[in-house]
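Take a look at the letters that make up each chain.
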Amino acid sequence: MNNFIDDTIAAISTSTMTSGGISVIRLSGPKAIDIADKVFKSKRNILLSEVDSHTVHYGNIINPDIDEIIDEVLCIVMKAPNTYTRENVVEIDCHGGILVTRKVLEAVLKAGARPAEPGEFTKRAFLNGRIDLSQAEAVIDVINSKNEYALKSSVSQLDGKLSEKIRDIREILLKHVAYIEAALDDPEHISLENYVDNVLYDVDKCVDNVDKLLKTADNGRIMRDGIRTVILGKTNAGKSSLLNALAKEERAIVTDIEGTTRDVLEEQINLGGIVLNLIDTAGIRETEDYVESIGVEKAKKYAKDADLIIYVVDCSRPLDNNDDEIISIIKDKKVLVLLNKSDMEAVVTKEDISAHMDCKSVSISAKNRDGLDELEETVKDMFFTGKISFNEEVYITNARHKNLLNDALASLKLVKEGIESGMSEDFLTIDMMTAYEKLGLIIGEEVEDDLADKIFREFCMGK
Amino acid sequence: MPNICENYDVVVVGAGHAGCEAALAAARLGLNTICFTVSCESIALMPCNPNIGGSSKGHLVREVDALGGEMGKNIDATFIQSKMLNKSKGPAVHSLRAQADKQEYTKRMRMVMENTDNLLVRQAEVTEIIVEDNVIKGVKTLSGAVYNAKAVILCTGVYLKAKCIHGEVSYATGPNGLQAANHLTQSLLDNGIEIQRFKTGTPARVDKRSIDFSKMAEQLGDEKIVPFSFTTDPDSIQKEQVSCWLTYTNEDTHKIIMDNIDRSPLYAGVIQGTGPRYCPSIEDKVMRFADKDRHQVFIEPEGLYTNEMYLGGMSSSLPEDVQYVMYRTVPGLENAKIVRNAYAIEYDCISAVQLKSSLEFKNISGLFAAGQFNGSSGYEEAAAQGIIAGINAAQFIKGEEPLVLDRSEAYIGVLIDDLVTKESTEPYRMMTSRAEYRLILRQDNADLRLTKYGYKVGLIDEERMQGVLEKERLIAEEVERVKHVNIGTTGIIQDIIRENGSTELTNGATLAELIKRPELSYDVLAPVDKHRPELRADVAEQVNINLKYEGYIERQMRQVEHFKKLENKIIPDAIDYLAISGLRKEAMQKLDKFKPRSIGQASRISGVSPADISVLLVYMEQFRRKDKESN
C-alpha cells in the first residue's frame, strides 16, 4: 500500500523523451531537502538544508554508493509552505537525456524517496490547501486519467516472461509460508522438523532470480519505456527490413516469402534522442494459416494501444484490400506513413495516401537505408509539436517496479539472515510475506486472502 | 390479553460464549441487563470441542481477559489439562490451550452470570426485534412478552433455524437436541437484515470404557501450567491433569467413507450451508486429500464427570450405521460404543459487513451482534466479539465513543476488522497469520496492550490498572539497564556461553547484545549480571522478548506507524459515496455498501484501488472545507 500521505515522493515532472532538453526531477515531502542532500554535491560545498528557500544551486548528482558523478545539475530548493504542494520541494534540473534522468531518479529513490503515485503531486497540493476547492473535480480527473494510463502501461509494458518469473517466485514463497503457517496453526498435525532447509534452498534461488530481474531492469529491458510504436503494413511491404534498418541488427526474419514474420517483435531504438519501442507485426492479410492469423489479431491489438503507428506501404504495388483493412484499423490514430521501396518504380504516391487519411508520409528505401534521416526529422517534429503525446507515468512505473524488486530482495535477504541466525520459522514467514506482497504489486495483484486460501486448500487441518 | 412488558437498558439474545461476555460487560458497566437463553442449563455450553484456546484463539482469550472479560477466569477454574503450543517457536506464536471440564465450565459461568449485579438470566425464546425509524426499541418473546431496551445484542450462535443432520436423518434442533430458534430470522429479514446459511459439524462421543488406550499415544499436559487470566496466580492452578490420546485413521476407514460417500448429506446435496474448510469433516478430508493414507484422531475427555470422549479430527455427517463401522476401523476404537452421534449443523447467520467496527448494525441504531451469528466460528472468537458488543452497547447508551481496537492493537481488532470488511463464504476462524503485526500482538503482552482500554470503559479496576502500569515501568527500566551492562570476556561468561552451545566472546559485549543470541536469554545470563534487580517472572519474560527480538519488533512498529496514519483518517458518516463521481463504479458500490470507518479500512475492501483512495481523500478534503465554509 502506497497511500501514505506524509512521506517524501519523487517523480520526473517533465517529459523524459528529449535527449537534448532538460528533465526535471521533483521531490516533495518533509524529507525532500534531506534526501536531496544525500545525492547532491554543491560546487560551493554547501548543504541544501542550510540554504534559503527559493534559491538555485549548482552542483553534481552523485551515486552515493560508489561516489560516482551521475550528472551536472541545478537544484532548486523551495521550503514549505510556499510551494506547489505546500510541502518542502526540491527540483533537480538535469540535462543528460533519458538514461541520466533515470539514474538521477533512482539515486533519489535509493536515498529514501518513494516513487510518486499517479497524480500524487496534484493530490497533495489539493489536500494541503494549495488548490482551490472549485478545482477538486479537476484534481480527481488528473488522478484518474494518470492512473488509467499508469495502469495500462504498468500491465502492458511488463513483458509476459517477466510476469511469469515474478509469479513463479511468488508461488514458491507462498508455498513455504502456507506450510509453515499451517504448521504453526496446527502444530499437532503438521511438523516443521528440518523444514527450514527447504526454505533456505528456495529462498536462495529466489534471491538469485530477483537479482537477475534487477539486472534486467538496469539494462532497461524490464519495461519498454518509450513511445509505443507499432509498425503495420501488409505482407512483404518491408516492415522487418525497416525494423532492421532502424535497429541496425538482424532481429526479424527477413525473406522474400510472404508471411514469414510470425511473431510480434519488439525493439527499442533511440531516434535522435526520442525513444521508440518498435513493435513489428506480422503483415495483415486474410489468412488461412492459423499461426499467422494469431499474429494478425495481435497486430490489431497492438495498434489499438499504440502511441504512434508507422504504416509501411509498398509503393511498388498498388493499394489493395489489405491496405483498406489496415487503413480502417488506423485511420483515427497518430500515423506516419512510410512509402517503402523508393528504390523501385512507384505506383503509390503521397497523394494516394492522403486521399484516404490525414497524415504525414515519407518516402524511404529500407533496403538501401535511404530516407531514414527524413523519417527521424519527421518523428522529432511530430513529437515536439505535440502530435505524439507521451506520459511520464510510464517512466515512473519502471522506477516503481525497480524499487519494489529492491524491497523484495531486501526482505528475502532478511529471511536468509533470519535462518542463519537461528530465528524460528514464524519470523521467517513475516519477511517472506513482505517479499510476496512487494512482488505482487509489480504485477498488479493484491494480496487479499491468498495465504488463508492456500492454507485451507492444501492443508488438512483441524478437528 | 395483557402481556408482560418490562424495561431494560440492554437485552442480550443468547447465553453462549458471546452472549455471556456481552451480558457480563453490560451489567458490570452498570446497565440493567437481561440475557435470554433457550435453556438455563446450557449457559456457556461447549457443544463441540472440549477445549479453550489453541493457536491464535489463546491470544483472544488473553485479550478478553485484559479487557475485563470472564472466559480466561472461567477456564482457569475448570480446566483438566493445559498445554502451551509452539513453545519451541517465537513468542508471537506461543498459544495456550486447555481441556475443559465441560460441565464445570458451564456451571461456573452460570454462577457468575446469576450472581452479577444488574444482570438477569431469562429462559425464553426471542422471536422479534422491535425497531422504529431505524432505532432498536426492544424484543418480543414467543409468549408475546415485550422487553423494551435501549440496546439489543444478538448472540444467537448456531440456533437460528438450526438443523442437525446425519445421513438421511435431520432434526430441526440446535446442538445437543436443544430447542432451535425458528422465528427470529423472519423478524430480522423484515427489518432489512440480510441472512445467510452456514454449516459446521462435530464428531461422535464414545464411552471411555469401550476404548483400548494401549493402542494410542498418550498426550500429556505441560508440567508447569500457565494460567489464561492475568489475575490468576499460577501457583494456585498447578494440579493433576487428565491425558488426551492420539490415534490414526487408516485405509480401511477411508474405504468405508468412499464407499458410502453418496449417503453423506454434504455430498448428496442435502446440506446447502457453507462449511469451514479449516475444520473439515472426515469425509471431506478423505475426499479432498486423497493422497493422505491416514489422518490424526485426538481422543479428548469431555470432563471428569463423564465417560464421554470426544473424537477430535473425525467430525462427520455420515449416517449412523456408517459411523459405527467407520469409527471401529481406528486402532483403539475397535469396540467403541457411541454415546452421541456425529452430526452436521446448519444455521442462519449474517454477513458481518452489515456491521460497523463497533459491532452495531449500520442501519439499525442500538442493535449489536456478536459471535457465530456474525459468521465466525469458535468459542473464543465469539467471546471476543461478545465483550466488545457488550462494551459498545454500554458506550452507546452512555453517549460515549465506541471501543474499536485496530489491527495493530489486538487480535480482536483483526477479527472484527476482517469480519466487517470481508465478505466471507465460510465461518471465519482466527489464525496468527491473519495478524500482520503479530510480533507485537503476543499472548504474553495482552495485558500491556489492552488493560488500559478495559480500565477506560470501566471494566478494570484501579488496582489492576496500577499493577499493569507498574509492570510497564519495571520492564522499561530493566531493558534500559541491560543495554548498558557491559560484559567482559571473563571465565564465567565463557562457561555460560559454552554450556548453551553459543560461540565464545572475543571482545566484550553488552548484556543486551548477548541476549539477542538465539542460544542465550535474559535468564541464563543472570550469573554475570551482578546488579540485576529482583523481578517477577512475567516482567523478566518481557525484558527478554523485547531485547531478543528488538530488530523484528522495531520493524513492525514502523509499519504500525504508517498503518495508524491511514487508520486515524476517519471518514465522516455523512459522506455520500454515490455522489463522488471520480470513483470507479465498483469502488463506489463497495464503499457505499461497507461504509468503512477510516481510510485505512476503506483500502482493505476488495475492489477499492489506491487511485480510488486518492479520490476519496480529495473528496473528503473538499467535504471538510465545504463544511467549514457553511459553519
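For the structure, see preceding data.
Residues numbered from 1 in each chain as written. Chains lettered and ligands numbered in written order. Predicted model: local features only at pLDDT ≥ 70, side-chain atom pairs only at ≥ 80, totals over all residues. Heavy atoms only, no water.

A. How the structure looks around the interface of chain A and chain B. Facing 53 residues of chain A, the contacting portion of chain B comprises 63 residues. Summed over both partners, the interface of chain A with chain B buries about 5,200 Å², with 59% contributed by carbon and sulfur atoms. The tally of links between chain A and chain B comes to six salt bridges. At the junction of chain A with chain B, the criterion picks out 15 residue pairs in polar contact (both at pLDDT 80 or more). Mapped onto the side of chain A that touches chain B, the elements with two or more residues apiece are α3 (120–127), α4 (136–156), α5 (160–185), α12 (393–420), α13 (425–442) and α14 (450–458) of chain A. Here the side of chain A that touches chain B is built from residues that sort into 26 nonpolar, eleven polar and 16 charged. (Contact = heavy atoms within 4.5 Å. Buried area = accessible area lost by both parts, 1.4 Å probe. Salt bridge = Lys/Arg side-chain N within 4 Å of Asp/Glu carboxyl O. Polar contact = N/O pair within 3.5 Å; in protein donor to acceptor, adjacent residues only side chain to side chain. Helix = DSSP H or I, 4+ residues; strand = E, 2+ residues; numbered from the N terminus. Nonpolar A, V, L, I, M, F, W, Y, C, P; charged D, E, K, R; others polar.)

B. View of the side chain of R407(B). Residue and element names in this part refer to chain B. Mapped onto the elements, R407 comes out in the loop between α10 (379–398) and α11 (411–421). A polar contact is formed between the side chain of R407 and the side chain of D417, at a distance of 2.8 Å. At a separation of 2.9 Å, a polar atom in the side chain of R407 contacts the side chain of D418. Contacts of R407, omitting those with residues within four sequence positions, involve G413, V414, D417, D418, R434, E436, Y437, L441, F563 and R604.

C. Region of interest: the environment of R457(A). Considering the arrangement of structural elements, one finds R457(A) in helix α14. In the structure, R457(A) is positioned 269 residues away from E188(A) in sequence and 19 Å away in space, judged by C-alpha atoms. Non-local contacts of R457(A), meaning those with residues more than four positions away in its chain, are made with R288(B) and F289(B).

D. Fine view of the packing of helix α12 (residues 446–457) of chain B against helix α13 (residues 462–483) of chain B. All names here are of chain B. Relative orientation of the contacting elements α12 and α13 amounts to 150°, with a least axis distance of 10 Å. In terms of axis orientation, α12 runs roughly antiparallel to α13. Considering the relative orientation of α12 and α13, their crossing is left-handed. Contact residues: D447, L448, T451, K452 and Y455 in α12; E462, M465, V468, K471, E472 and I475 in α13. Here the contact of α12 with α13 is composed, by residue class, of five nonpolar, one polar and five charged. (Axes fitted to C-alpha atoms, helices over the stretch in contact; angles between N-to-C directions. Parallel < 35°, antiparallel > 145°, perpendicular 65-115°, else oblique. Left-handed = near helix turned anticlockwise from the far one by under 90°.)

E. Up close: the pattern of salt bridges. Residue and element names in this part refer to chain B. In this structure the tally under the stated criterion is 73 salt bridges over all chains. The salt bridge partner of R340 is E308, with a shortest N-O separation of 2.7 Å. With a gap of 32 residues between them, R340 in strand β17 (residues 338–340) and E308 in strand β16 (residues 308–315) connect regions that are remote in the sequence. Judged by relative accessible area, R340 falls into the partly exposed class, the value being 35%. With its nearest N and O atoms 2.8 Å apart, the salt bridge here joins R481 to E478. In this pair, R481 and E478 are both assigned in helix α13, three residues apart and thus about one turn of the helix distant. Residue R481 is classed as partly exposed on the basis of its relative accessible area, which comes to 22%. (Buried < 20%, exposed > 50% of the residue type's maximum accessible area, 1.4 Å probe, protein only.)

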